[in-house]
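Structural characterization, general
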Amino acid sequence: MAFDQVRVRVAPSPTGDPHVGSAYATLFNYVFAKKYGGKLILRIEDTDQARAKASSEQQIMACLKWLGLQWDEGPDCGGEYGPYRQSERKHIHRQYADKLLENGSAYRCFCTAEHLAQVREQQKKNGLKTAYDRKCRELSSASAEKNMAAGKPFVVRMKMPLQGTTPFMDVIRGKIEIANELLDDQVLIKSDGFPTYHLANVVDDHLMKISHVIRAEEWISSTPKHIQLYQAFEWETPEFIHLPLLRNTDRSKISKRKNPISLDFYRRKGILPKALVNFLALMGWSYSSDREIFTLEEMIEKFEVKAINLGGPIFDLKKLTWMNQQYLQRLSEEEFVNYLRTEVFAKEYLSKIFQVILERIETFDQFVEKAQYFFSPPAIMTIEEVCPKNRDKAQLLTMLSGLLDLLDEQYVWEMVHLQETMDHHRNKIDWKPGEYLVPIRLILTGRKDSPPLSKTMEILGRELSRQRMRDWIQSHQAS
Ligand code: GLU
């Protein structure tokens, strides 16, 4: 290895919920860094400005800290190679794109969205792979200048080689090679001036002196594009390690349709961080044939990249629950009490419950009973118990799935916004308030007399509210 120091990074995109996949990649990077006395860098890849959310960045950091996977350099703690938020490095990416324009590895493309759509349409019709037709690739510099002077918007594209292959070595998978004719002339700088993932990722990995890129298997198809970029810049490439992808129990790529993917969910469900870390470790590695429970320190001591297991690991909630039980049973009295105080009965959570429960109790011995659904999911009710009189099972399931789809995209989880979403949906499908709200309330709380629904949902939170709805739908879809 030509690098003086092991420097690895995790580069989550803050576009949605803090993903278990991010924790999984962080864990393996963390262990690798610790094992070789290296550094772990947290880089926030927020170049997709339309989708990036500041709250998501905060959540990712909070969740990784909760898991005990602390990074050495990052947007919150700084470091020598910052800034660590990609949107703050836009000017750097542009300078490097200019270098590629100068050395002839990239070109400006002035094609309109209509032209690109037409090309795609034609390719689809002819049963061809869709790709840019390279119309601007040989545009003279005089024409490009003229277009720029006329203020025409443009993107910067990579001039990919048309023949030959791009090979690269993956430390655990060996040689991977792709025919260059399959590589599109990738956009490097978008018309809004922001870099694409490919350019920003390579430039930042290089400038941050990343020695090993350890990321999920789904990025393998991007790696040849990255190799081409390293070559165009005449930079040394890091080592690549692509981790096996986490899968649902039906072996499809892990998805929120089939598995809760948000780290927040596992935290709210009462999974202990050490249990989750141990479980994630087992997704790609084993300690020994007869031992499944091990600590992070033990993993660091015994870990070897070559021992990463490439078989598609199944993210099985039952196994995780079992693992959690093992950890729970090992808690000391103090840890147990602490966990209840800081996680289950966290002060901020109790303050929120206070707002709605106070008027519903006369003495404190009624609290647990009245506020039960804030701490444990209610039993799954039958269709008959939940379905309004004038509707049937199919209508109810359609209504709930429609709402769940909307809630899956709702990241600002506040009463007014939840109320708006539900009002809008209800009006659209033309249900009366009672027939719409009662089933949802019953599914979420198990009772008819709970506080106003949108407030209850706000307090319960995005994760638990959606999961209860999903569980109910799933348990009635099959029957
Ligand atoms: N931003 C990418 C992600 O969201 C990073 C992939 C990589 O590690 O290169 O996972």
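The preceding data block contains the structure.
A brief report on the enclosed structure follows. Note that this is a predicted model, so its numbers are computed, not measured.

Reading the values: the criteria
- Residues numbered from 1 in each chain as written.
- Predicted model: local features only at pLDDT ≥ 70, side-chain atom pairs only at ≥ 80, totals over all residues.
- Heavy atoms only, no water.
- Core = buried A, V, L, I, M, F, W, Y, C linked by side-chain atoms within 4.5 Å.
- Buried < 20%, exposed > 50% of the residue type's maximum accessible area, 1.4 Å probe, protein only.
- Contact = heavy atoms within 4.5 Å.
- Near = heavy atom within 4 Å.
- Polar contact = N/O pair within 3.5 Å; in protein donor to acceptor, adjacent residues only side chain to side chain.
- Areas by Shrake-Rupley, 256 points an atom, 1.4 Å probe, with all protein chains shown as cover.
- Nonpolar A, V, L, I, M, F, W, Y, C, P; charged D, E, K, R; others polar.
- Pairing = 2+ DSSP bridges.
- Helix = DSSP H or I, 4+ residues; strand = E, 2+ residues; numbered from the N terminus.
- Right-handed = clockwise from strand over helix to strand, strands pointing away.
- Salt bridge = Lys/Arg side-chain N within 4 Å of Asp/Glu carboxyl O.
- Axes fitted to C-alpha atoms, helices over the stretch in contact; angles between N-to-C directions.
- Parallel < 35°, antiparallel > 145°, perpendicular 65-115°, else oblique.
- Patch = residues over 30% accessible without salt bridge, like charges linked within 9 Å, V, L, I, M, F, W, Y side chains within 5 Å.
- Expected span 1.5 Å × (residues − 1).
- Phe/Tyr/Trp six-rings, centres within 6.5 Å; stacked < 30°, edge-to-face > 60°.
- Arc of directions from axis to C-beta.

**As for the nonpolar core**
Membership of the largest hydrophobic core comes to 97 residues, with the highest contact counts inside it found for Leu27, Phe28, Leu276, Phe315 and Phe374. Beyond its immediate chain neighbours, meaning those up to four positions away, Leu27 contacts Leu69, Val277, Leu280, Ala281, Leu296 and Met299. Counting 31 residues, the second-largest nonpolar core is a separate cluster that includes Tyr81, Tyr96, Val202 and Met208.

**Overview of the site of the ligand**
All residues in the neighbourhood of the ligand are listed as Arg9, Ala11, Ser13, Glu45, Tyr197, Asn201, Arg215 and Trp219. Within the side chain of Ser13, one N or O atom sits 3.0 Å away from a nitrogen atom of the ligand. Contact distances for the ligand include 2.8 Å between an oxygen atom and a side-chain N or O atom of Arg215. Contact with the protein chains hides 83% of the accessible area of the ligand, taken as 290 Å² for the molecule alone. Tallied by class, residues from the shell around the ligand come to three nonpolar, two polar and three charged.

**Let's talk about the pairing of strand E2 (residues 39-42)**
Remember that side chains alternate between the two faces of the sheet whenever the strand is regular. Summarising the sheet, strand E1 (residues 7-10) and E2 pair through four bridges and their orientation is parallel. Opposite Arg9, over in E2, you have Ile41 as the bridge partner. Crossover connection from E1 via helix H1 (residues 20-35) to parallel E2: handedness right-handed.

**Focus: the pattern of salt bridges**
Enumeration over the complete set of coordinates arrives at 28 salt bridges. In this structure, Asp76 and Lys65 form a salt bridge, with 3.2 Å as the shortest nitrogen-oxygen distance. On the criterion of sequence distance, the pair formed by Asp76 in the loop between helix H2 (54-66) and helix H3 (90-102) and Lys65 in helix H2 is long-range, its members being 11 residues apart. With its nearest N and O atoms 3.2 Å apart, the salt bridge here joins Lys455 to Glu458. Here the residue Lys455 and the residue Glu458 both occupy positions in helix H19 (residues 453-477), the gap between them amounting to three residues, near one helical turn.

**Thoughts on the side chain of Thr166**
With respect to the secondary-structure elements, Thr166 resides in strand E5 (residues 165-170). Relative accessible area serves as the criterion here: at 1%, Thr166 is assigned to the buried category. A polar contact of 2.4 Å, which involves the side chain of Thr166, links it to the side chain of Asn180.

**Quick look at the packing of helix H16 (residues 393-408) against helix H18 (residues 433-445)**
One way to put it is that H16 packs onto H18 with a least axis distance of 11 Å and a crossing angle of 75°. Taken as axis vectors, H16 and H18 run roughly perpendicular relative to one another. Residues Leu396, Met399, Leu400 and Leu403 of H16 touch H18, and the partners they reach there are Tyr436, Pro439, Ile440 and Ile443. Partitioning the contact of H16 with H18 into residue classes produces eight nonpolar, no polar and no charged.

**Some points on a nonpolar patch on the surface**
The grouping of Leu328, Phe336 and Val337 at the surface amounts to a nonpolar patch, some 240 Å² of accessible area in total. Residue Val337 is classed as partly exposed on the basis of its relative accessible area of 35%.

**Quick word on H3**
With 13 residues, H3 should reach 18 Å at 1.5 Å per residue; the first-to-last C-alpha distance of 18 Å fits that figure. Those residues of H3 not exposed but buried are Ile92, His93, Tyr96, Ala97, Leu100 and Leu101. Contacts from the buried residues of H3 go to strand E3 (106-109), strand E4 (155-158), strand E7 (187-189), helix H6 (197-207) and helix H7 (223-233). Just downstream of H3 lies Gly104, where phi reads positive at about 80°.

**Digging into the packing of aromatic side chains**
Given two aromatic rings, one states the distance between the centres and the angle between the planes to describe the pair. Tallied over the full model, the rule gives 22 aromatic pairs. With centroids separated by 5.0 Å and ring planes inclined at 90°, the aromatic side chains of Phe279 and Phe315 adopt a geometry described as edge-to-face. Separated by 36 residues along the polypeptide, Phe279 in helix H9 (residues 273-282) and Phe315 in the loop between helix H10 (296-302) and helix H11 (317-329) bring together distant segments of the chain. Of the two residues, Phe279 and Phe315, both sit in the buried class.

**Regarding the side chain of Arg462**
Mapped onto the elements, Arg462 comes out in helix H19. Overall, the relative accessible area of 9% leaves Arg462 in the buried class. Within polar-contact distance, the side chain of Arg462 engages the side chain of Asp17 at 2.7 Å. Within polar-contact distance, the side chain of Arg462 engages the backbone oxygen of Gln410 at 2.7 Å. The residues contacting Arg462, other than those within four sequence positions of it, are Asp17, Leu407, Asp408, Gln410, Tyr411 and Trp413.

**Let's talk about the environment of Asp204**
Considering the arrangement of structural elements, one finds Asp204 in helix H6. In sequence terms Asp204 and Tyr81 are 123 residues apart; their C-alpha atoms lie 9.1 Å from each other. Setting aside residues up to four positions removed in sequence, Asp204 forms contacts with Arg43, Gln86, Arg89 and His93.

**Considering helix H4 (residues 113-125)**
For H4, which comprises 13 residues, the first-to-last C-alpha distance of 18 Å matches the rise-based estimate of 18 Å (1.5 Å per residue) to within 8%. Along H4, the positions that sit buried rather than exposed are His115, Val119 and Gln123. Seen end-on, H4 carries its buried residues on one side only, within an arc spanning 70°. H4 presents Ala113, Glu114, Gln118, Lys124 and Lys125 as exposed residues on the side facing more than 90 degrees away from its buried surface. Gly127, located one to two residues past H4, shows a positive phi value of around 70°.

**A few points about the environment of Leu340**
Among the secondary structure elements, Leu340 is positioned in helix H12 (residues 333-344). Since its relative accessible area comes to 29%, Leu340 is described here as partly exposed. Put simply, Leu340 and Ala117 are 223 residues apart on the chain and 56 Å apart in space, counted from C-alpha to C-alpha. Ignoring anything within four residues of it in the chain, the contact list for Leu340 reads Phe345 and Ala346.

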